[in-house]
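Working through the structure, step by step
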Amino acid sequence: MRIKLNNEIVEIESSFTVQTLLDKYQISETGLAAAINNTVIPHSSWASTPLSEHDEITLFQAIAGG
Amino acid sequence: MNSTLSQPEKLRYARQMLLPELGENGQLRLKQAQVLIIGMGGLGCPAAMYLAAAGIGSLVIADFDTVERSNLHRQILYQDYQIGRNKAQQGAINLHAMAPDVSYHVVSEKITADNVFSLVSDADLVLDCTDNIQTRLLINQACVNLQRPLISGAAIGFKGQLLTLPMTVNSPCYQCIYHSTPDDQSSCLQDGVMGPLVGVIGSMQALQGIKYLSQIGCQEPKLHRFNAINMQWQNLALTVDPNCPACADKPLRNKDAY
Ligand SMILES: [Zn+2]
């Protein structure tokens, strides 16, 4: 199925969760936040949150500067 | 004194009191409020200037650092000849020159686990304008424990983040969003930052603060992300992490248990 990952269309298997997506793309979890359709998904739910067709996933980092 | 507005105050704040959402009641709420601003750098300067100008009753400004020449492209509260002076002390002097009705309290020590709780406890609202993750976690923990609303700003390069955390029962905290923090934090020191970008984020911290204190809005937990290259904002809803290391076992999560 197709989802958008940081605004780019990618093809993934329909069984994917947030966690398997991160694993597939080997994305470091340090300082990372993940959102599905503009709602942030807490870390403890990553492995249990399935992705659906056309979901828009945003992955972004904590920033500390000021 | 705090339950009325003087004639000079009514004149000074006339253009914002004209707003039906604020009015005289909202202005009085601002006058009765104490706001803690931690970090008087690129975010804290515009945030403090707008809050002081808006007529917040009491501003507590905290920074242990001194003004450096390399700060001045973004830390717009300070004058060139003030290089070398403590930012909180000098900031209070400069703010007082602009808005003398506000009462200013200076904290020129570093924010630590020893002083953060009493500072947060005295505040109606906390603005995190710091430049490092350790202090951010400390401020978050104090706001969680004491249930004080936290408006957290951050900026690096061309990216900005504005986090509004009301810290009401069953609303998320900073660590509900960021479960882990990078060891090797990027900072303005290493990576650079655009001056007007921190101005945008710091000004929005003040805007959210004014709305919160005057009860116009800003009661929802939100994360706003700003990309200053393409000028796009992303507005994200936030949810509680039941396993959050900062708030899972705190009254914020389960009021009835206490
Ligand atoms: Zn939390």
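Only a predicted model underlies this, so the values are computations on that prediction, with no experimental measurement involved.

In this section: the confidence of the model for chain B. For chain B, per-residue confidence averages 94 on the pLDDT scale, and 95% of positions sit at 70 or higher. Across the predicted assembly, pTM comes out at 0.95 and ipTM at 0.95.

Attention now moves to the coordination of the zinc ion. Residue and element names in this part refer to chain B. Within the protein, the atoms that donate to the zinc ion are Cys173 (SG), Cys176 (SG), Cys244 (SG) and Cys247 (SG), at distances of 2.3 Å. Taken together, the 4 donor atoms coordinating the zinc ion span angles of 98 to 122° at the metal, a pattern that classifies the geometry as tetrahedral. Along the chain, the residues that donate to the zinc ion are spaced as C-x2-C-x67-C-x2-C. Across the pair, Cys247 and Cys244 agree in class, each one buried.

Let's shift gears to the side chain of Gln27 of chain B. Residues and elements named next belong to chain B. Here Gln27 shows up in helix 3 (residues 23-31). The class for Gln27 is buried, based on a relative accessible area of 0%. Reaching out from Gln27, the side chain makes a polar contact with the side chain of Gln16 at a distance of 2.8 Å. Ignoring anything within four residues of it in the chain, the contact list for Gln27 reads Leu5, Tyr13, Gln16, Met17, Leu22, Ala54 and Gly55.

For interface size, the figure often reported is the accessible area lost on association. Facing 38 residues of chain B, the contacting portion of chain A comprises 21 residues. Here chain B packs against chain A, burying approximately 2,200 Å² in sum over the two surfaces, 58% of which is carbon and sulfur. Run the count over chain B and chain A and you get 0 salt bridges. Inspection of the chain B/chain A interface yields 14 residue pairs in polar contact (both at pLDDT 80 or more). Breaking the side of chain B that touches chain A down by element, the ones donating at least two residues are helix 7 (133-146), strand 5 (150-156), strand 6 (159-165), helix 8 (174-177), strand 7 (222-227) and strand 8 (232-237) of chain B. Tallied by class, the residues present in the side of chain B that touches chain A amount to 17 nonpolar, 15 polar and 6 charged.

Turning our attention to the nonpolar core. Residue and element names in this part refer to chain B. Formed by 42 residues in total, the largest nonpolar core has its most connected members in Val35, Ile37, Leu51, Leu59 and Leu127. Elements with a minimum of two residues in this core: strand 1 (34-38), helix 4 (44-54), strand 2 (58-62), helix 5 (87-98), strand 4 (125-128), strand 5 and helix 10 (195-213). Looking at this core, the element that brings in the most residues is helix 10, giving 7 residues. Apart from residues no more than four positions distant in its own chain, Ile37 is found in contact with Gly44, Ala47, Ala48, Leu51, Leu59, Val60, Ile61, Ala62, Leu127 and Cys129.

All right, on to the packing of helix 4 of chain B against helix 10 of chain B then. Two packed helices can be described by the angle between their axes and the distance between those axes. Residues and elements named next belong to chain B. One way to put it is that helix 4 packs onto helix 10 with a least axis distance of 7 Å and a crossing angle of 35°. Seen from above, helix 4 lies across helix 10 with right-handed handedness. When helix 4 is examined against helix 10, the residues Pro46, Ala47, Tyr50, Leu51 and Ala54 are found in contact with a partner set consisting of Val198, Gly199, Gly202, Ser203, Ala206 and Ile210. The residue inventory of the contact of helix 4 with helix 10, partitioned by class, reads 8 nonpolar, 3 polar and no charged.

The phi dihedral of Gln26 of chain A falls on the positive side, at around 50°, and the residue is not glycine. The phi torsion at Asn37 of chain A lies on the positive side, around 45°, for a residue other than glycine.

All names here are of chain B. Tracing the backbone through its elements, the reader meets Gln208 in helix 10. A polar contact is formed between the side chain of Gln208 and the side chain of Lys211, at a distance of 2.6 Å. Excluding residues that lie within four positions of it along the chain, Gln208 makes contacts with Ile151, Leu162, Thr164, Cys218 and His224.

Once that is clear, we can look at the pairing of strand 7 of chain B. Residues and elements named next belong to chain B. Bridging between strand 6 and strand 7 involves 6 bridges; their strand directions are antiparallel. Directly across from Leu163, in strand 7, lies its bridge partner Leu223. Relative to strand 8, strand 7 runs antiparallel, the two being bridged by 6 bridges. Following the sheet pairing, Lys222 is matched in strand 8 by Ala237.

Here the focus is the pattern of salt bridges. Residue and element names in this part refer to chain B. Enumeration according to the criterion identifies 8 salt bridges over all chains in this entry. One salt bridge connects Glu9 with Lys31, and the closest N-O pair in it is separated by 3.0 Å. Of this pair, Glu9 sits in helix 1 (residues 7-12) while Lys31 sits in helix 3, and the two are 22 residues apart along the sequence. We classify Lys31 as buried; its relative accessible area is 11%. Among the salt bridges present, the one from Lys87 reaches Asp65, with a minimum N-O distance of 4.0 Å. Of this pair, Lys87 sits in helix 5 while Asp65 sits in the loop between strand 2 and helix 5, and the two are 22 residues apart along the sequence. We classify Asp65 as partly exposed; its relative accessible area is 26%.

Reading guide: rules and limits
All residue numbers here refer to positions counted from 1 along the written sequence of the relevant chain. For this description, chains carry letters from A and ligands carry numbers from 1, given in the order in which they are written. Restriction of local features to residues with pLDDT of at least 70 applies here, the model being predicted, together with a cutoff of 80 or more for giving and counting side-chain atom pairs; totals for whole chains, interfaces and linings are based on all residues. Heavy atoms throughout the structure, all of them, feed into the side-chain values; hydrogens and water do not. Across the chain, each position has a pLDDT score giving the predictor's confidence in that residue, from 0 to 100. Because no water is among the atoms considered, metal sites can look incomplete, with donors defined as N, O and S atoms within 2.8 Å of the metal, or 3.2 Å for Na, K and Ca. Under this scheme a four-donor centre is tetrahedral when all angles range from 85 to 135 degrees, a four-donor centre is square planar and a six-donor centre octahedral when opposite donors are above 155 degrees with the rest from 65 to 115, and any other centre is irregular. Each residue gets one of three labels from its accessible area relative to the maximum for its type: buried under 20%, exposed over 50%, partly exposed in between, using a 1.4 Å probe on protein chains only. Strands are runs of DSSP state E lasting at least 2 residues, helices are runs of H or I lasting at least 4, and numbering of each runs from the N terminus. Polar contact is defined as a pair of N or O atoms within 3.5 Å, subject to the rule that within protein one atom must be able to donate a hydrogen and the other to accept it, and that residues adjacent in sequence are counted only when both atoms are side-chain atoms. Residue contacts are counted whenever heavy atoms from the two residues lie within 4.5 Å of one another. Note on definitions: buried area is the accessible-area loss of two parts on being combined, 1.4 Å probe, summed for both. The term salt bridge refers to a pairing of a side-chain nitrogen on Lys or Arg with a carboxyl oxygen on Asp or Glu at a separation within 4 Å. Residues are grouped as follows: Ala, Val, Leu, Ile, Met, Phe, Trp, Tyr, Cys and Pro are nonpolar; Asp, Glu, Lys and Arg are charged; every other residue, Gly included, is polar. Residue types Ala, Val, Leu, Ile, Met, Phe, Trp, Tyr and Cys, when buried and joined through side-chain atoms within 4.5 Å, form a set referred to as a nonpolar core. Interaxial angle, 0 to 180 degrees, is taken between N-to-C directions of lines fitted to C-alpha atoms, where a helix line uses only the stretch in contact. Note: crossing handedness is left-handed where the near helix turns anticlockwise from the far helix by less than a right angle, and right-handed where it turns clockwise. Here a strand pair is declared whenever DSSP counts at least two bridges between the two strands.

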